[in-house]
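This is what each chain is made of:
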Amino acid sequence: EEFVYGEDDFVLQAAAWGDPDSAPSRFDRVLLAGWSDRMERGLFRYRLGPLPTRVLPGPVRLVAQLNEQRSAERRPPQPVRSLRDPFDPGAFNFTRLRPAELLFRLRRTGGPGPPPDPLLVAINASPLERGHVLLLPEPARRLPQVLTAPALRGALEAALLSAHPGFCVGFNGLGGGASVNHLHLHGLYLGRPLPLEEAPAEPLGPRLGLLRAGPAPAFLFFAPGPAALEPVSRAVCRAAEHLAGAGLACNVLATRGHPPAGSGAGGGRGLRVLLWARRPLFGPKAGEPFTVALCELAGLLPLPAEPLYRDITEVQALSAI
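Residues numbered from 1 in each chain as written. Predicted model: local features only at pLDDT ≥ 70, side-chain atom pairs only at ≥ 80, totals over all residues. Heavy atoms only, no water.

Labelled according to an unreviewed UniProt entry, the protein chain appears under the name GDPP1 phosphorylase, originating from Rhagologus leucostigma.

Shown next as structure tokens:
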């Protein structure tokens, strides 16, 4: 089914963190109802219940979360050899999803500007959180996992369709934790705020900042409203392409947040789009307690074992990141 939306469906100011469950949007209701239906029908690799969660003592305020089932039962990540690996039709890809795993197709009508390419919204069969979905440009195009401006813009519009303060979208590049080399982004509902939402950034240019508040420094782009999504998407993808040309991998996260000057500088909240540049990692890194992808860089640590969840310190986690 299609989820057709227009500019009037954008939620310019999401609910406050003090009341995140108030007045879900039409997008939230449809997505979460479909997601819960698929969970009841047994279409996920495991049944996701409440996840033990704690904030690690320390200035960065990392959020540790125990998710043993994801570690044990998710599909093994595909081997990646380079930042330019082509799409491999013989490996698992999203043309192989069962029809019931698809929730709906996102399609915008009307302004601002030409609409982005439609995105398929599908369950992530190994979820991190309730409502964890995949955002897929037309899978039949068989695009490799290289971020494009139309795909990012569609995902940013999806972020503005949610009224939940913790709904965010993200991207793991090749060499940056991507487990499938077929173009996709993630959407998920976080249960608590991240420091990245309000910390001020150092200005690097008229529309670019450097954010040091999280576990690792990130470039910060900001979209104050729907009209800025198209230029921000193009700028982020130009930067990601530049990084790839320099031999660096990337991760991207878009979340509701304050303007780059921070929460005390005035101005309404918009979308903060964070881009991390990193040395690429091909294959598992021996001896590390967890894999580092967009969640870990944002300060959320899904951990695979109870002793690690219980004992890990902020210093240890930051060292791994």
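## Let's talk about unusual backbone geometry
Its identity as a non-glycine residue notwithstanding, Ala23 has a phi of 45°, on the positive side. Along the chain, the position of Ala23 falls in the loop between strand 1 (2-5) and helix 1 (26-40). Exposure remark for Ala23: the relative accessible area of 61% places this residue in the exposed category. At Arg61, a residue that is not glycine, the phi angle is positive and equals roughly 60°. Here Arg61 lies in the loop between strand 2 (53-55) and strand 3 (63-66). (Helix = DSSP H or I, 4+ residues; strand = E, 2+ residues; numbered from the N terminus. Buried < 20%, exposed > 50% of the residue type's maximum accessible area, 1.4 Å probe, protein only.)

## Observations regarding the packing of aromatic side chains
Aromatic ring pairs are described here by two measures, namely the spacing of the ring centres and the angle between the planes. One pass over the full model with this rule turns up eight aromatic pairs. Measuring from centroid to centroid gives 5.5 Å for Phe3 and Phe104, while their planes differ by 35°, and the two rings are tilted. Of this pair, Phe3 sits in strand 1 while Phe104 sits in strand 4 (residues 102-108), and the two are 101 residues apart along the sequence. Exposure remark for Phe3: the relative accessible area of 5% places this residue in the buried category. Ring centres 6.2 Å apart and planes at 80° place the aromatic pair Phe27 and Phe104 in the edge-to-face group. With Phe27 in helix 1 and Phe104 in strand 4, this pair connects stretches of sequence that are 77 residues apart. Accessibility classification places Phe27 together with Phe104 in one group, the buried group. (Phe/Tyr/Trp six-rings, centres within 6.5 Å; stacked < 30°, edge-to-face > 60°.)

## Quick word on the sheet that holds strand 14 (residues 300-303)
As summarised here, the arrangement of the three strands in space is 2-3-14, forming an open sheet in which the pairing is mixed. Of all strands in the sheet, those with a lone pairing partner are strand 2 and strand 14, marking the two edges. Between one strand axis and the next, the sheet turns by 20° as a mean value, whatever way the strands run. Here strand 2 runs beside strand 3; their pairing, made up of three bridges, is antiparallel. (Pairing = 2+ DSSP bridges. Axes fitted to C-alpha atoms, helices over the stretch in contact; angles between N-to-C directions.)

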